[in-house]
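Chain residues, written in single-letter form:
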Amino acid sequence: MEGKSIMRSFLEVDDLTVGELHRVLDLCLDSNPPKVLEGEGVALVFEKPSNRTRNSMEMAVFQLGGHPVYIRGEELGFDKRESVEDAVSTLSGYYKCIAARVFDHKTLERMAQVELCPIVNLLSDTGHPMQALADVITLVKEYGDINGKSLAFIGDGNNVFRSLAMAAGMLGAEIRFAGPSDYRLSEIDKDRLAAVDVKVNEFDFAQDAADGANIVYTDVWTSMGQESEMEERKRAFEAFTVDSNLMGSTSSDAVFLHCLPAHRGEEVTAEVIDGPKSRVWSQSENRMHAARGLLAWLLAEGQENE
């Protein structure tokens, strides 16, 4: 007698074991994945708009043989027009999977608790695991293996950094962070990273974090929804711009990453992001490969039986 299926979702990188993460990366690098979505649809729910996330997900679903449907947040009206749970119950009758870009991570948790189809986090206030997959794919393509490589994140200890630290750390990279003291990971975040044997080494000065690093990564100082804090953040982060001087202190094989969109002259100078060490455009393309590999694994291999 077959056991009961356990519904698995992907809300953060540590929903995968280290072995599963390696398997997902293998599928991300496979240009001819199994057509696990043949004749099926995937709902793409966007409370926040996005260039890379929408386009990469739509193409990934298509490459897996499926049909993506873009749904704006106001079309569902979570907890206004109907509850999160009722919306998921409806959508699960049409779609093999629901992927959502939301303001509040608790929305994703509620979606997953319905347990009618896998839920994929396309971004929340606490994490951006699909971006992290694209980031580590970029680094694996660059170095072959990132075990022992040092990654310095400069700026805001935000949702992008949290997921990146988890993914790169689980693959054996040394994680460094430099940013203002008020913009670092919380102790709860550090405890969650520690649970998967990832430690973040914090620095007060960007130059110290970047010294000898193999990878330098930054993100915008003011993310979507933080516009009212823009001037305050500019003052707080003014000493944390990634420029050619900072990149000059890195290792000879160092690369620069940025999840985009970028504000040249703020978190990074044009000479760095448009320079020879930058990998931002391959990193952007790898969002599609990350989505394809994750969905291929989640829908074909990731569901379990008790």
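Each remark here, short or long, concerns the structure printed above.
The structure presented is a predicted model; accordingly, all values stated were derived computationally and were not measured.

Analysis parameters
Along each chain, residues carry numbers from 1 onward, in the same order as the chain's sequence is written. With the structure being a predicted model, the display of local features is reserved for residues of pLDDT at least 70 and the display and counting of side-chain atom pairs for 80 or more, all residues being used for whole-chain, interface and lining totals. Only hydrogens and water are set aside; all other atoms, that is, all heavy atoms of the structure, feed into the side-chain values. Lines are fitted to the C-alpha atoms to define the axes, a helix being fitted only along its stretch in contact, and any angle between axes, read from their N-to-C directions, falls within 0 to 180 degrees. Labels follow the DSSP assignment, with helices taken as runs of H or I lasting at least four residues and strands as runs of E lasting at least two, numbered in each case from the N terminus. What sets the label is the angle itself: under 35 degrees gives roughly parallel, over 145 gives roughly antiparallel, 65 to 115 gives roughly perpendicular, and the rest give oblique. The hand of a helix crossing depends on one turn: near helix anticlockwise from the far one by less than a right angle means left-handed, and clockwise means right-handed. Here, residues are in contact when the closest pair of their heavy atoms is within 4.5 Å. The nonpolar class holds Ala, Val, Leu, Ile, Met, Phe, Trp, Tyr, Cys and Pro. Asp, Glu, Lys and Arg form the charged class, and all remaining residues, Gly among them, are polar. Here, strands pair whenever DSSP counts at least two bridges between them. Pairing of aromatic rings covers Phe, Tyr and Trp, the last through its six-membered ring, and needs centres within 6.5 Å; plane angles under 30 degrees mean stacked, over 60 mean edge-to-face, and all others mean tilted. Throughout this description, buried means an accessible area under 20% of the type-specific maximum (1.4 Å probe, protein chains only), exposed means over 50%, and partly exposed covers the range between. Think of it as a cone above the ring: NZ of Lys or CZ of Arg counts as a charge over the ring if it is within 6 Å of the ring centre and within 35 degrees of the ring normal.

**Q** Please explain the packing of helix α6 (residues 129-143) against helix α7 (residues 159-170) as it appears in this structure.
**A** Two measures define how a pair of helices packs: the angle their axes make with one another and the distance between the axes. Packing of α6 against α7 leaves a shortest axis separation of 8 Å and a crossing angle of 45°. In terms of their interaxial angle, α6 and α7 are classed as oblique. Between α6 and α7 lies a crossing of right-handed hand. Contacts between α6 and α7 pair P129, A132, D135 and V136 from the former with S163, L164, A167 and A168 from the latter. Class assignment for the residues of the contact of α6 with α7 results in six nonpolar, one polar and one charged.

**Q** For this particular structure, what's the right way to read the sheet that holds strand β5 (residues 119-123)?
**A** The pairing of strands in a sheet happens through backbone hydrogen bonds and is either parallel or antiparallel. Taken in spatial order, the four strands line up as β3-β2-β4-β5 in an open sheet, and their pairing is parallel. Both edges of this open sheet fall to β3 (67-72) and β5, since each of them pairs with a single strand only. Each strand of the sheet is rotated relative to its neighbour by a mean of 20°, with strand direction disregarded. Pairing of strand β4 (residues 97-101) with β5 involves four bridges; the strand directions are parallel. Among the inter-strand pairings, I98 is bridged to a residue of β5, identified as I119. Its contacts with the sheet put helix α5 (residues 105-113) on β4 and β5, and the angle it makes with β5 is roughly 170°.

**Q** How should the packing of aromatic side chains be read in this particular structure?
**A** Aromatic ring pairs are reported here in terms of the distance separating the ring centres and the angle at which the planes meet. For the structure on display, the rule yields eight aromatic pairs. Between F153 and Y217 the ring centres are 5.4 Å apart and the planes differ by 20°, which places this aromatic pair in the stacked class. Taken together, the positions of F153 in strand β6 (residues 150-154) and Y217 in strand β9 (residues 215-218) put the pair 64 residues apart, joining distant regions of the chain. By the burial criterion, F153 is buried, and Y217 matches it. Seen from their ring centres, F161 and F177 are 5.1 Å apart, and the 35° between their planes marks the pair as tilted. With F161 in helix α7 and F177 in strand β7 (residues 174-178), this residue pair connects regions lying 16 residues apart in the sequence. For F177, a relative accessible area of 1% puts it in the buried group. Joined through ring pairs, the aromatic side chains of F153, F161, F177 and Y217 make up one cluster. One cation-aromatic arrangement involves R54 over Y70; the distance from NZ or CZ to the ring centre is 3.7 Å.

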